[in-house]
Amino acid sequence: MRRRLTKWFIPLVLGLILIGPHPYLELSDFHRQEQIGVVPIRIQDYFQIEWIHSVERTPWRETYRVVGFSGMELAETSFRSFGAGVPANFQDQQGVQVSVRDGWITVSGLQEKRDQVLYLITRDDYLLQVGEQTWRLSDLLPLGTSLELSVGWYPWWYRFASGLDEKGVAKY
């Protein structure tokens, strides 16, 4: 009996892993509540959004980390200059470090949990980087779109149905 159970248990577990849900970074139009596309991502992976700050006219970058089954967290934020809307008071937060590297002021150790984040894509300078791939967001959606980013769980093959290709074109 035990041998029979073992014979079926391992293939069953492997099958569930292969066909079971996997994490994806979801890109959605917040106002229309329509999915733009998904990007495969793993637990503990990082992704970044970069743009030019509308007042300071300097680059800004936010780095998020996928955390377990609960979504994502803002891991760090980097910018070239302090000014309007730039966070400046971190001494009350444990584990937060401020450093300057290659001209970037980087605030790390934030660990701010997020279910989703929203960006209003108003110019063509917004970039999304996941792993080795980078997409110019204005190539994916019209300017003025409220982009919602979240982590969803789908079957492994979902990337072929709703993924973004290497050129940044949504496959709808």
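The text that follows walks through the structure, step by step, so that each part is easy to find. Remember, it's a predicted structure, so these values are computed and weren't measured experimentally.

### Quick look at the overall build of the protein
Right, so step 1: Regarding its fold elements, the protein presents two helices and 11 strands.
Right, so step 2: Along the chain direction, N to C, the helices and strands of the protein fall in the order α-β-β-β-β-β-β-β-β-β-β-β-α.
Right, so step 3: With 172 residues in all, the protein has 40% of them scored as buried.
Right, so step 4: Looking at the protein alone, contacts between residues at least 24 apart form 59% of all its contacts between residues at least 6 apart.
Right, so step 5: Here the protein displays about 10,700 Å² of accessible surface, and carbon together with sulfur accounts for 55% of that area.

### Section: the pairing of strand E9 (residues 127-130)
Right, so step 1: Burial along E9 is one-sided: Leu-128 and Val-130 are buried, while Leu-127 and Gln-129, pointing the other way, are not.
Right, so step 2: Taken together, the four bridges between strand E3 (residues 46-52) and E9 define a ladder with antiparallel strand orientation. Its bridge partner lying in E9, Ile-49 is registered against Leu-128.
Right, so step 3: Two strands pair when backbone bridges link them, and E9 and strand E10 (residues 133-136) are joined in this way by four bridges, in the antiparallel orientation. Its bridge partner being in E10, Val-130 is matched across the sheet by Gln-133.

### Quick word on the packing of aromatic side chains
Right, so step 1: Summed over the entire model, instances satisfying the criterion amount to 10 aromatic pairs.
Right, so step 2: With a centroid separation of 6.3 Å and 85° between ring planes, the pair formed by Trp-156 and Phe-160 is classed as edge-to-face.
Right, so step 3: Among the aromatic side chains, those forming a connected cluster through ring pairs are Trp-51, Trp-60, Phe-79, Tyr-119 and Tyr-126.

### Remarks on the sheet that holds E3
Right, so step 1: Overall, antiparallel pairing links the seven strands, which are arranged E6-E7-E5-E4-E3-E9-E10 in an open sheet. The outermost strands of the open sheet, each flanked by one partner alone, are strand E6 (97-101) and E10. Shown here is a sheet whose adjacent strand axes are inclined to one another by a mean of 20°, direction ignored.
Right, so step 2: Here E6 runs beside strand E7 (residues 104-114); their pairing, made up of five bridges, is antiparallel. Residue Ser-99 lies in a different strand from E7, and its bridge partner there is Thr-106.

Rules of the game
- Residues numbered from 1 in each chain as written.
- Predicted model: local features only at pLDDT ≥ 70, side-chain atom pairs only at ≥ 80, totals over all residues.
- Heavy atoms only, no water.
- Helix = DSSP H or I, 4+ residues; strand = E, 2+ residues; numbered from the N terminus.
- Buried < 20%, exposed > 50% of the residue type's maximum accessible area, 1.4 Å probe, protein only.
- Contact = heavy atoms within 4.5 Å.
- Areas by Shrake-Rupley, 256 points an atom, 1.4 Å probe, with all protein chains shown as cover.
- Pairing = 2+ DSSP bridges.
- Phe/Tyr/Trp six-rings, centres within 6.5 Å; stacked < 30°, edge-to-face > 60°.
- Axes fitted to C-alpha atoms, helices over the stretch in contact; angles between N-to-C directions.

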